Amino acid sequence: MQYNPNEIEQKWQQKWFDNKTFKAENKSDKPKFYVLDMFPYPSGAGLHVGHPLGYIASDIYSRYKRLKGFNVLHPMGYDSFGLPAEQYAIQTGQHPSVTTKVNIEGGVDKQGNQIAGYENQLKKIGLGYDWDREIRTSNPEYYKWTQWIFNELFDSYYDNDSNKAESISQLIEKFQAEGNANVNAVADEDVEIFTAEQWNAFSEKEQQAILLKYRLTFLAEAEVNWCPDLGTVLANDEVINGLSERGGYPVVRKKMTQWMMRITAYADRLITGLDKVDWSDAIKEAQRNWIGKSQGASIFFGIEGNSEKIEVFTTRPDTVFGVSYVTLAPEHPLVLEITTPEQKEKVAAYVDYTSKRSERDRLADAKNITGEFTGAYAIHPFTGKQVPIWIGDYVLASYGTGAVMAVPAGDERDFAFANHFNLPIINIFKDKDISENAFTEKGGFELQDSDFLNGLDYKEAVKKIIAALEEKGFGKGKTNFRLREAVFSRQRYWGEPVPVYFKDGMPYTIPTEALPIILPEVDEYLPTKEGEPPLGRATEWAFDTTTNKVVENSLINNETIFPIELNTMPGWAGSSWYWLRYMDAKNDNEFVSKEAVDYWQNVDLYMGGSEHATGHLLYSRFWQKFLFDKGLVPTDEYAKKLINQGMILGMSAFAYRVNGTNTFVSKGLKDQHETTPIHVDVNILKDGGDELDTDKFKAWREDYANAEFILEDGKYITGREVEKMSKSKYNVISPDTICEEYGADSLRLYEMFLGPLEQTKPWNTQGLSGVYSFLKKFWRLFHSGENEVFLVSEEEPTKEEMKVLHQTIKKVDEDVNNFSFNTSVSTFMIAVNELGKLKTNKRSILEPLAIIISPYAPHIAEELWEKLGHETSVANADFPVFEDKWLVADSKEYPVSFNGKMKFLLELPLSLSKDEIQEIVMKDERTIKQLGDRTPKNVIIVPGKIINIVG
């Protein structure tokens, strides 16, 4: 029987599914190991060959750990809420749940497109998941518990004394007994002090308004990225150059009342927790920078002719005497109030201009200096002098206080701004030249023109100025974080409903027994004419507090029946706890049982893209720490080890169209013409190479039907270039196509063979033929003759064969533990070549070899394992034990030298003594021939190294 991957792979994929081969038990005598992939968003485009890289790597590791005797949990699911499905629904009128289901399970969409389905594609690659634990974040049985966690956050506050989340009921008891003067909690900055008597006299609405200032999820007015065309708020990473990533629509900064998550309460713990986990330095540094912890001081500047004060946060309070102007973010609430009538028009125009730029663009654009004078002046707290107040887009409302004290002598951006607008620069650094650049060092200077700080260096000056600020009431020392509260509202349809109803304008959570609050049907997925989110179109979207049911809006009486929140949760809600649901995916009574979470504890290996460093990975760590505080999970970090796989790039193809014609010239002749390169679908190249199939090209697009070609040597050769794999570049290769032509085992091996897991590397379909040939060679070790009849011998192996086997065991064992999967593939190829030369067909060699290779090429390994007579899966075998004795040499090939010149090689046992070696070498015919009639003066022998005959 010849190697037939299509037949073999379909057979074993079905067997794995039917027999639940990779089912994990929540109780086992084996040690546990939890491998998690960052689950995908199921788009209609499906997988391309770049997507499975991490999945294949995690699957290899999971299978390896099973062979090593672990109870392995390796689940898969889908992050299935999100904007793409909603946008598709708006375009086609098809419900997002329908398209999401088709994208996962496969089928035909409303437009008649054949959708492969993520699940089918994942199974076709032979990934060993426990499919019984599959989850979809858009299924009510899953998002019931996302809503429940929201309620838990709503009913909690952060206590600075216990340094963890506590129940809001505990806070209420404190308010009732003693007011809030002694409460040390994370809260809004505008909380006013009240006594117990005052609290108890407050109305219910007043009490709820105060509690909102403490809750871990709360309503607040926030600066957001608003996209009018999409009718929703966007996260920073969804905005590029002032346009929405999806659709390219204009985005403006706008203040809106939003649900927020008080992630800042966990800022310090999010930093210190990084010391507990084995993550890359790059990811840890990205998180530390995003959180942005900094020590400094808050300083208050008065405003000429105004009772308000401007609070600035600075990490360099020692430079306060170098302030020559104050800059506010254009969005700062005081801007419109303090701007003089003469400057109002210019300031309003500038505020409008900056509202169309994302924070990321503003931070990145250091070259274009823009700003506007408000006409107002601040009062320096120490000197009493007037300093002009400007607005500039290099200051962000979301960082610090949205205001900076500008010290051009000590800050590059302040220096550039001052030079651009001819503002004064005060040199407070003795003997430092600031004519060309600011002096930004924290040390190596003495202050001048700085009153009581003159002559001091950085450390002394900071200490003294903070003491002075606090003594005079001008400010205080402060720790600040760049991290902002997380916006948790989306004005979208396709997301988790927020489980909140409104009574007298205040939010109340819907009780657990009424969850899930299921997403209602609406007639359109667009905002209403009144500007409400799409859920404003729902006719049955009111909560009856007496029956705990969702009822018709017409029944709202604001006594027992109240309106429900119209916003939905953001895309990151469901992905902030999904690893816990996998532990107990079918539990209807709780989000995860104590028994399950105590057994699995946390994720041992997490695999996914580095692009999630400051989004998903921060939010999910925040939720884990909160759940830990509440005693619901046993660990405060959920992923012990994180690996970011690299990206597989596409190899684009180009045809060269002669300008002004429909004629295409081959690459080698293009310099003879004026041409424009046109992306060509790589799937219409011949045999995955560089030659274009011109007939397929003409049939590819209607405008190329009459194309003509200038060939070289009878062929049209395309240009090739490595680019990101993308549909728009026509360089996407489907794994389904590869599996059909070469088999899934070839795809798996090739993706690993491309290079180190964490590196970016280009795809080249032509390279697949090499691993396919290797698999055929491996197959032939077990078969004999032209008809490839299965033939395995029971003979004892030779020493050479055992050496090859144990070299392979040792190397692969090391490689897998180092995640060096590419070198394992090389090792397999070397082993199969050497065993082929030895004509090995012995069970005691081939059987362990099938086990070793099974994590990488599981289908062929399963088939051969079955042929070897085993009734259970190779996935349940034991990884072979390495024996060092087979690699220990018992003989040595000595170079035999005469007067230092090597003349021949002589293999001798290492057990021989010097005298025994000398006796053998002197009797060797080659020695006798070299010596002739001469008698050597000396014979130098170093056992195991050299033999040198002198004289």
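Sequence positions are assigned chain by chain, starting from 1 and proceeding in written order. In keeping with the predicted nature of the model, local features appear solely for residues at pLDDT of at least 70, side-chain atom pairs appear and are counted solely at 80 or more, and the whole-chain, interface and lining totals rest on all residues. Water and hydrogen atoms play no part in the side-chain values, which are based on all heavy atoms of the structure.

## A few points about the overall build of the protein chain
Helix and strand content of the protein chain: 29 helices and 38 strands. In the protein chain, which comprises 951 residues, the share counted as buried stands at 53%. In what follows, a contact means two residues having at least one pair of non-hydrogen atoms within 4.5 Å. Summarising the internal contacts of the protein chain: among those between residues at least 6 apart in sequence, 70% fall at separations of at least 24. Note that His is not counted, nor are the chain ends; the positive residues are Lys and Arg, and the negative ones are Asp and Glu. In plain terms, the charge of a residue is placed at NZ if it is Lys, CZ if Arg, CG if Asp and CD if Glu. Averaging the coordinates of the 106 positive side-chain charges in the protein chain and doing the same for the 142 negative ones gives two points 5 Å apart. The secondary structure listing takes helices from DSSP runs of H or I that are at least 4 residues long and strands from runs of E that are at least 2 residues long, numbered from the N terminus. Burial here depends on accessible area, computed with a 1.4 Å probe over protein chains only, as a share of the maximum for the residue type. Under 20% is buried, over 50% is exposed, and the range in between is partly exposed.

## Here we look at the packing of helix 23 (residues 768-781) against helix 27 (residues 858-867)
Where helix 23 contacts helix 27, the axes come no closer than 11 Å and their chain directions differ by 5 degrees. Compared by their axis directions, helix 23 and helix 27 come out roughly parallel. Only Ile860, Glu863, Leu864 and Lys867 of helix 27 make contact with helix 23, whose side of the interface consists of Leu775, Phe778 and Trp779. Counted by class, the contact of helix 23 with helix 27 contains five nonpolar, no polar and two charged residues. Every axis in this analysis is a line fitted to C-alpha atoms, fitted for helices over the stretch in contact. Angles between the N-to-C directions lie between 0 and 180 degrees. Throughout this description, any angle smaller than 35 degrees is read as roughly parallel, any larger than 145 degrees as roughly antiparallel, any in the 65 to 115 degree range as roughly perpendicular, and the remainder as oblique. Put simply, Ala, Val, Leu, Ile, Met, Phe, Trp, Tyr, Cys and Pro go in the nonpolar bin, Asp, Glu, Lys and Arg in the charged bin, and everything else, Gly too, in the polar bin.

## Let's talk about a nonpolar patch on the surface
Taken together, the side chains of Ile940, Val942 and Ile946 define a hydrophobic patch exposed on the protein surface, amounting to about 200 Å² of accessible area. Locating Val942 in the fold gives a position in strand 37 (residues 938-942). What goes into a patch is any residue over 30% in relative accessible area without a salt bridge, connected to like charges within 9 Å or, for nonpolar side chains (Val, Leu, Ile, Met, Phe, Trp, Tyr), within 5 Å. All accessible-area figures derive from a Shrake-Rupley calculation using a 1.4 Å probe, and residue coverage is judged against the displayed protein chains alone. Here a salt bridge means any side-chain nitrogen of Lys or Arg lying within 4 Å of a carboxyl oxygen belonging to Asp or Glu.

## What to know about the sheet that holds strand 11 (residues 252-261)
For two strands to be treated as a pair, DSSP must find at least two bridges joining them. Pairing is antiparallel across the open sheet formed by four strands, whose spatial order is 8-7-11-19. This sheet does not close on itself; its edge strands, each paired only once, are strand 8 (232-234) and strand 19 (486-487). In this structure, strand 7 (residues 217-227) lies alongside strand 8, joined through three bridges in antiparallel fashion. The residue of strand 8 that forms the bridge with Cys227 is Thr232. Each of strand 7 and strand 11 touches helix 6 (residues 140-154); the most contacted strand, strand 11, lies at about 90 degrees to it.

## Re the sheet that holds strand 35 (residues 891-898)
Pairing within the open sheet is mixed, and its four strands lie in the order 36-35-38-37. The outermost strands of the open sheet, each flanked by one partner alone, are strand 36 (901-909) and strand 37. Neighbour to neighbour, the strand axes of the sheet diverge by 20 degrees on average, direction disregarded. When strand 37 meets strand 38 (residues 946-950), the two strands line up antiparallel, connected through five bridges. What sits directly across from Ile941, in strand 38, is Ile947. Against the sheet, helix 28 (residues 914-923) makes contact with strand 35, strand 36, strand 37 and strand 38, and its axis sits at roughly 125 degrees relative to strand 37, the strand it touches most.

## Concerning a negative patch on the surface
A cluster of acidic residues, Asp431, Glu446, Asp457 and Glu460, forms a negative patch at the surface. Given a relative accessible area of 31%, Asp457 falls into the partly exposed group.

## A short note on unusual backbone geometry
Going from Leu515 to Pro516, the amide bond is cis rather than trans, its omega being 5 degrees. With respect to the helices and strands, the residue Pro516 is situated in the loop between strand 21 (506-509) and strand 22 (542-544). A positive phi angle, near 55 degrees, is found at Phe819, a position not held by glycine. Residue placement: Phe819 occurs in the loop between helix 24 (799-817) and helix 25 (821-837).

## Quick notes on the nonpolar core
In this description, a nonpolar core means a group of buried Ala, Val, Leu, Ile, Met, Phe, Trp, Tyr and Cys residues linked to one another through side-chain atoms lying within 4.5 Å. One finds Tyr578, Phe591, Tyr606 and Trp763 to be the most contacted residues of the largest nonpolar core, which totals 201 residues. Those residues within four positions of Phe591 in sequence are excluded, and the remaining contacts are Trp145, Trp148, Ile149, Trp577, Leu580, Arg581, Leu627, Leu632 and Val633. One finds Val320, Val326, Ile428 and Ile434 within the second-largest nonpolar core, a separate group that totals 41 residues.

## A word on the packing of aromatic side chains
Aromatic pairing here means that ring centres of Phe, Tyr or Trp (its six-membered ring) are within 6.5 Å. Orientation follows from the plane angle: under 30 degrees is stacked, over 60 is edge-to-face, and everything else is tilted. Tallied over the full model, the rule gives 73 aromatic pairs. For the ring pair Tyr142 and Trp577, a centre distance of 4.6 Å and an interplane angle of 20 degrees mean the geometry is stacked. Taken together, the positions of Tyr142 in helix 6 and Trp577 in the loop between strand 24 (561-563) and helix 17 (578-582) put the pair 435 residues apart, joining distant regions of the chain. Across this residue pair, the class does not change: Tyr142 and Trp577 are buried. On the basis of an interplanar angle of 10 degrees and a centroid distance of 4.7 Å, the ring pair of Phe697 and Tyr704 is categorised as stacked. With respect to burial, Phe697 and Tyr704 carry one shared label: buried. Three or more aromatic residues joined by ring pairs form one cluster here, namely Phe33, Tyr61, Tyr64, Phe70, Phe819, Phe821, Phe828, Tyr856 and Phe879. Criterion for a charge above a ring: Arg CZ or Lys NZ at most 6 Å from the ring centre, at most 35 degrees from the ring normal. The cationic tip of Arg262 hangs over the ring face of Phe218; the distance from NZ or CZ to the ring centre is 3.9 Å. Here the guanidinium or amino end of Lys670 rests over the ring plane of Tyr656, the centre of that ring lying 5.3 Å away.

## Notes on the environment of Ala165
The residue Ala165 is located in strand 6 (residues 164-167) in this model. Separated by 100 residues in sequence, Ala165 and Ala265 place their C-alpha atoms 9.0 Å apart.

## Details of the packing of helix 6 against helix 19 (residues 616-629)
Here helix 6 crosses helix 19 at 65 degrees, and the two axes come no closer than 11 Å. When the axes of helix 6 and helix 19 are compared, the pair comes out roughly perpendicular. At the point where helix 6 passes helix 19, the crossing takes the left-handed sense. Two secondary-structure elements touch here, helix 6 through Thr146, Ile149, Glu152 and Leu153 and helix 19 through Phe622, Trp623, Phe626 and Leu627. Note: crossing handedness is left-handed where the near helix turns anticlockwise from the far helix by less than a right angle, and right-handed where it turns clockwise.

## Quick look at the pattern of salt bridges
Within the structure shown, the criterion is met by 54 salt bridges. Arg136 is paired through a salt bridge with Glu134; the nearest N and O atoms lie 2.6 Å apart. The same class applies to Arg136 as to Glu134, namely buried. Between Glu847 and Arg843 there is a salt bridge whose closest N-O contact spans 2.9 Å. With Glu847 and Arg843 both in helix 26 (residues 843-853) and four residues apart, this pair spans about one turn of that helix. Each of Lys276, Arg621, Lys625, Asp636 and Glu637 takes part in salt bridges that share partners, so that together they form one network.

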